[in-house]
Amino acid sequence: MNLISTRIITDQVEALINFYEQVTGLTASRYTPDFAELKTKTATLAIGSTRTLQFFGGNHVAQPAQNRSVIIEFRVDDVQQCFDQLAASLKGAIVQEPTIMPWGNQSLLLRDPDGNLVNLFTPVTPEAIEKFNGN
């Protein structure tokens, strides 16, 4: 089994697409006005409108902007460089500036327009670099 995709359900499709395009430097594939994907080499971040919930059983199955337990993480080459590039335009989205975590990653924590936490990280200690070799 492989994790392929994480989907965010939102009332703000364009705002989330714009945020994640800016953060990742990727261009989203917009399949319909209600659904887009940002594909990385290891996984896909999907963004779906609340209107897509009808295909999953109705509006009761997910509630936009209610996440308080999941952090969406992107491995980047240089967290400090990302911070320097994004700091001015995403000032209100920054939760924590680049910080080295106890497990060896340098981390920049952001909040997307729906309030979801987004972690951009770079392994920096030998142990963390070893862990992510080949990924």
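Everything here concerns the structure above.
So, here's what we can say about the structure.

Cut-offs used in this document
- Residues numbered from 1 in each chain as written.
- Predicted model: local features only at pLDDT ≥ 70, side-chain atom pairs only at ≥ 80, totals over all residues.
- Heavy atoms only, no water.
- Helix = DSSP H or I, 4+ residues; strand = E, 2+ residues; numbered from the N terminus.
- Contact = heavy atoms within 4.5 Å.
- Areas by Shrake-Rupley, 256 points an atom, 1.4 Å probe, with all protein chains shown as cover.
- Lys, Arg positive; Asp, Glu negative; His and termini not counted.
- Charge placed at Lys NZ, Arg CZ, Asp CG, Glu CD.
- Core = buried A, V, L, I, M, F, W, Y, C linked by side-chain atoms within 4.5 Å.
- Buried < 20%, exposed > 50% of the residue type's maximum accessible area, 1.4 Å probe, protein only.
- Expected span 1.5 Å × (residues − 1).
- Pairing = 2+ DSSP bridges.
- Axes fitted to C-alpha atoms, helices over the stretch in contact; angles between N-to-C directions.
- Salt bridge = Lys/Arg side-chain N within 4 Å of Asp/Glu carboxyl O.

Details of the overall build of the protein chain
A count of helical and extended segments in the protein chain gives 3 helices and 8 strands. Along the longest, intermediate and shortest principal axes, the C-alpha atoms of the protein chain span 45 × 40 × 25 Å. Long-range contacts, defined here as pairs at least 24 residues apart, represent 52% of the contacts in the protein chain between residues at least 6 apart. Working note: accessible area of the protein chain is about 8300 Å², and carbon and sulfur atoms make up 51% of it. Counting 10 positive and 14 negative side-chain charges, the protein chain places the averaged centre of each group 4 Å from the other.

With respect to the nonpolar core
Side chains that are nonpolar tend, in soluble globular proteins, to be buried together. Formed by 25 residues in total, the largest nonpolar core has its most connected members in F19, Y20 and L120. Among the secondary structure elements, those contributing two or more residues to this core are helix 1 (13-24), strand 3 (35-39), strand 4 (44-49), strand 5 (71-75), helix 2 (79-86), strand 7 (105-111) and strand 8 (117-123). Top contributing element to this core by residue count: helix 1, with 6 residues.

Here we look at helix 1
The first and last C-alpha atoms of helix 1 sit 16 Å apart over 12 residues, in line with the 16 Å expected at 1.5 Å per residue. When helix 1 is considered as a whole, its buried residues turn out to be V13, L16, I17, F19, Y20, E21 and V23. Just downstream of helix 1 lies G25, where phi reads positive at about 75°.

Quick look at the sheet that holds strand 1 (residues 5-10)
The sheet built from 4 strands is open, its strands ordered 1-4-3-2 with mixed pairing. Only two strands of the sheet have a single neighbouring strand rather than two, namely strand 1 and strand 2 (29-32). Pairs of neighbouring strands in the sheet enclose a mean axial angle of 20°, with direction left out of account. In the packing of helix 1 onto the sheet, the strands contacted are strand 1, strand 2, strand 3 and strand 4, and the crossing angle to strand 4 comes to about 160°.

With respect to the pattern of salt bridges
Counted according to the given criterion, the structure contains 4 salt bridges. The partner of E14 in a salt bridge is R30, with the nearest N and O atoms 3.2 Å apart. Placement of E14 in helix 1 and of R30 in strand 2 is noted, with a sequence separation of 16 residues between them. Here E14 falls in the partly exposed class, since its relative accessible area comes to 42%. Its salt-bridge partner being D34, residue R51 comes within 2.5 Å of it at the nearest N-O pair. Taken together, the residues span a long stretch of sequence, with R51 in the loop between strand 4 and strand 5 and D34 in the loop between strand 2 and strand 3 at a distance of 17 residues.

What about the sheet that holds strand 5?
With mixed pairing, the 4 strands of this open sheet are ordered in space as 5-8-7-6. At either end of the open sheet lies a strand with only one pairing partner, and these are strand 5 and strand 6 (94-100). For this sheet, the mean angle separating the axes of adjacent strands, direction not counted, is 15°. As defined by bridge partners, strand 6 adjoins strand 7 across 4 bridges and the pair is classed as antiparallel. Looking across to strand 7, one finds that Q96 is bridged to L109. This element, helix 2, spans strand 6, strand 7 and strand 8 of the sheet and lies at about 30° to strand 7.

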